[in-house]
Each structure stands twice: as structure tokens, then as C-alpha cells.
Amino acid sequence: MRILSGIQPSGKLHIGNYFGMMQPSIHLQEEGDAFYFIANYHSLTSTHDPAVLKENVRNLAIDFLACGLDPEKATFWKQSDVPEVTELAWIFSCVTPMHLLEKCTSYKDKIAQGLPASHGLFAYPVLQAADICLFDSNIVPVGKDQKQHIEVTRDIAIKFNNRYGEDLLVIPEPRIRETTAVVPGLDGRKMSKSYNNTIEIFEETEKKLRKKIMKIETDSTPVEDPKDPENSYIVQLYSLFASEDEVKEMQESYRAGGLGYGHYKQQLFEACRDFFAPFRERREEIIADKNYVDDVLAEGAKKARTKGREVIERVRTAVGM
Ligand code: ADP
Ligand code: TRP
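Keep in mind that this is a model prediction, so the values were computed, not measured. (Residues numbered from 1 in each chain as written. Chains lettered and ligands numbered in written order. Predicted model: local features only at pLDDT ≥ 70, side-chain atom pairs only at ≥ 80, totals over all residues. Heavy atoms only, no water.)

(A) Helix H11 (residues 233-241), seen in detail. Turning to H11, its buried residues number three or more, namely Ile234, Val235, Leu237, Tyr238, Leu240 and Phe241. Turning to H11, the residues buried within the fold contact helix H1 (15-28), helix H12 (244-256) and helix H13 (261-288). Sitting at the amino-terminal end of H11 is Ser232, which places a side-chain oxygen 3.2 Å from the backbone nitrogen of Ile234. (Buried < 20%, exposed > 50% of the residue type's maximum accessible area, 1.4 Å probe, protein only. Helix = DSSP H or I, 4+ residues; strand = E, 2+ residues; numbered from the N terminus. Contact = heavy atoms within 4.5 Å. Polar contact = N/O pair within 3.5 Å; in protein donor to acceptor, adjacent residues only side chain to side chain.)

(B) Main features of the domain arrangement of the protein chain. Domain parsing of the protein chain yields domain 1 (2-182 + 290-319) and domain 2 (203-284). Together domain 1 and domain 2 conceal approximately 880 Å² of surface at their shared face, both sides included; 68% is due to carbon and sulfur atoms. Looking at the side of domain 1 facing domain 2, the largest losses of area belong to Ile15, Phe19 and Ala66, adding up to 48% of the total buried there. The partner of Lys12 in a salt bridge is Glu204, and the shortest N-O contact between them spans 3.1 Å. Where domain 1 touches domain 2, the interface holds 2 residue pairs in polar contact (both at pLDDT 80 or more). (Domains from an automatic or database assignment. Buried area = accessible area lost by both parts, 1.4 Å probe. Salt bridge = Lys/Arg side-chain N within 4 Å of Asp/Glu carboxyl O.)

(C) Geometry of the site of ligand 1. Taken together, 18 residues lie near ligand 1, and His14, Asp145, Val183, Ser192 and Lys193 sit nearest. Between an oxygen atom of ligand 1 and a side-chain N or O atom of Asn17, the distance comes to 3.1 Å. Protein chains shield 90% of the accessible area of ligand 1, which is 540 Å² for the free molecule. Among the elements that line the shell around ligand 1, the one with the most residues is H1, at 4 residues. In terms of residue class, the shell around ligand 1 is built from 7 nonpolar, 8 polar and 3 charged. (Near = heavy atom within 4 Å. Areas by Shrake-Rupley, 256 points an atom, 1.4 Å probe, with all protein chains shown as cover. Nonpolar A, V, L, I, M, F, W, Y, C, P; charged D, E, K, R; others polar.)

(D) Expanded view of the packing of aromatic side chains. Enumeration according to the criterion identifies 22 aromatic pairs in this entry. When the ring of Phe241 is compared with that of Phe276, the centres are 5.9 Å apart and the planes differ by 75°; the resulting orientation is edge-to-face. A residue pair is termed long-range when its members are at least 10 positions apart, and Phe241 in helix H11 and Phe276 in helix H13 qualify at 35 residues. Take Phe241 and Phe276: they sit in the same class, and that class is buried. Through pairs of rings, three or more aromatic residues link up here, namely Tyr18, Phe19, Phe241, Phe275, Phe276 and Phe279. A cation sits over an aromatic face here: Arg2 above Phe35, 3.9 Å from the ring centre. A cation sits over an aromatic face here: Arg189 above Tyr195, 4.1 Å from the ring centre. (Phe/Tyr/Trp six-rings, centres within 6.5 Å; stacked < 30°, edge-to-face > 60°. Lys NZ or Arg CZ within 6 Å of the ring centre and 35° of its normal.)

(E) Seen up close, the side chain of His149. Along the chain, His149 falls in helix H9 (residues 147-164). At a separation of 3.2 Å, a polar atom in the side chain of His149 contacts the side chain of Gln128. Not counting chain neighbours up to four residues away, the residues in contact with His149 comprise Cys104, Ser106, Tyr124, Pro125 and Gln128.

(F) Broad picture of the side chain of Lys307. Inspection of the secondary structure puts Lys307 in helix H14 (residues 292-319). In this structure Lys307 touches Arg2, Phe35, Leu134, Phe135, Asp136 and Arg314, once residues within four positions along its chain are discounted.

See the structure below:
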């Protein structure tokens, strides 16, 4: 079983990225043949400074490895090291009906956020479909916001198979973990770089992490009054880090009243800090080992390219190249 996922190198990783995409991917590397990559072609839609793009790729690789991606178990590379994916994207473009892309909400959202309306941004899901199909992927672990892109991938692969031959391409399935499908941000909306409401996994200092967590929006219930744990982002975020019993305890304390939100934010801060502490340590080791990241990515590219070439040959033959 091939498990595949990708992530754009578009800035610092936040808790939503970790629980939505990275942690499920890291768990799945135990269950099948895992393929994970850094989507730097995709990032050209939004990052236009070459030095920044390079730096982001490197930092993302370091962070993903620090969080537990094990290169002994998973193949890890950067997208542009397997350029066959762009050839497949073109071939896919020619089986993709316009309406399939026109209905994609992420294009509209990104334009609304001020990204330039380029062809690359519009065709983004076609390249994503190529990423997935080039490696015969069965399962794609992602956060809920990527569900539509995986549906588009399925539609494209089905269309391709209908036109050129059944069973040419594997039809992939999204794997979305319901408990962490949408991690809330500081303001309760989906945590996202574009909403400026993120808590970074590797905030530079503990002080900064604490300051961020103290910014979580709350209602104005007085300290002594009972509070509603059901609609609290603090509780939702705490449950990502704490045991069931610890969450229950916090919920009961909410209902009892007598403590202010600052108290619960402090608890959340401590749980979050402790959860990421071992990753932070591992990150320092990886940074100190000068060649490690480059070696891992080069080795991953070799393996991924072998598989990618096999599939692109199959596709080229099928379409008459
Ligand atoms: P952002 O919204 O910050 O730009 P990306 O779109 O780059 O994040 O997302 C990278 C990965 O992380 C995707 O698989 C996405 O589904 C997941 N992800 C991002 N934000 C969240 C969130 N708040 N909750 C769950 N998963 C998320
Ligand atoms: N679009 C994904 C995101 O923004 C990144 C991505 C690119 C991806 N290609 C992929 C995810 C293939 C899964 C599979 O997060």
C-alpha cells in the first residue's frame, strides 16, 4: 500500500499542519510504503523570492524530520527533484475539464487573500493530481481543506483511465482524521498562515509560545462564573496534547467556575511546550549535522524518481508518445 502526501514550503509550520498532515503521515509510515515530499513547484504560486523558497524548503525538511519522519521507513524528497511530475501534469491538463477546476474553492480563497491569479494557481490541483498518481498512491493523509483536491485527483484519474485504459492509474483515497480535521487558530477560525492566527510548532522561545497562547480569544465570562468547555478553543487545543483524563479535568474545572481563562491558557502552554520538547531537541541535532538533510533528500529523490519513471513510461505509452 502506497501512502503519499506533500506539503508546501511556505513558511513556519504550525500546530494545524502538524496535527492535520504531519502526525498522521508519521504514524502511517509504520503501515505501508510511505512517500512524502516538499511541494516546491506548488509554492511558486505564492513565493517569488528564490532565496526565500530555498530557505523554506530546507527548514521544512528539518522540521518534518525533527517531528518524526523516519527516512529509513519513508521516502522523502523535494518535488522538483522528480521533474516527471510536470510532464504528467501537462498530460492530465488535457483530460481535465475546465469545470472541475472552476469549482475549486481554494483557488477562489487564495485570490480573495490577494495572491496573483496566475495559471499556475488555477491549475494547482492538476499538478497535485500528478503528484499523487505518478507514484501509484493509494492513500493520501491530509487535513480537511485538501479534501476537494483529492476528489479532483480521483476525477482526473478516472477520466484518464476511461480514455486510455482501465487500471492504468491507481484511484487514491483521502485519509482525513476526524478528530484533528480542522485545528482552530487563536481566533477560532481554522488555524492558517493566511489568517495570521497560528501557533508555530517551533516558536523561537518559550516566552514567544506563551505569549501566542495567551492571545487565544475568549468570551468575557467573569473569573468566578462557570464556563462552557464545549465551545472553548483552549479546550479543543488542549485535547491535542493532553490525556483524556486531563481534558476531563479541565472541562470539569470550567463548569465549576472560579478560575480565569489565563489559568487554562497556562495549562495549555505547558502541555504544548512539553509535547514538542523532544522534537525541538531532535531539531537541534539535525541542524548540527551539516549534510544530513541534503543526504536524506538526495536518497529520497533517487527512490521516488525510480517509481515515477515507471509510471510516466506507462502513461507515455498509453497516450501515444
Ligand atoms: P495554511 O492554511 O497555513 O497555509 P497549508 O494549506 O500549507 O496551511 O496546509 C498544509 C497541510 O496542513 C495540509 O495537509 C492541510 O490540510 C493541513 N492543515 C493546515 N491547516 C490545518 C488546520 N488548521 N487543521 C488541520 N489541518 C491543517
Ligand atoms: N496542496 C497541498 C497543501 O497545500 C500540498 C500538496 C501538493 C499535496 N501536492 C500534494 C498534498 C499531493 C497531498 C498530495 O497542503
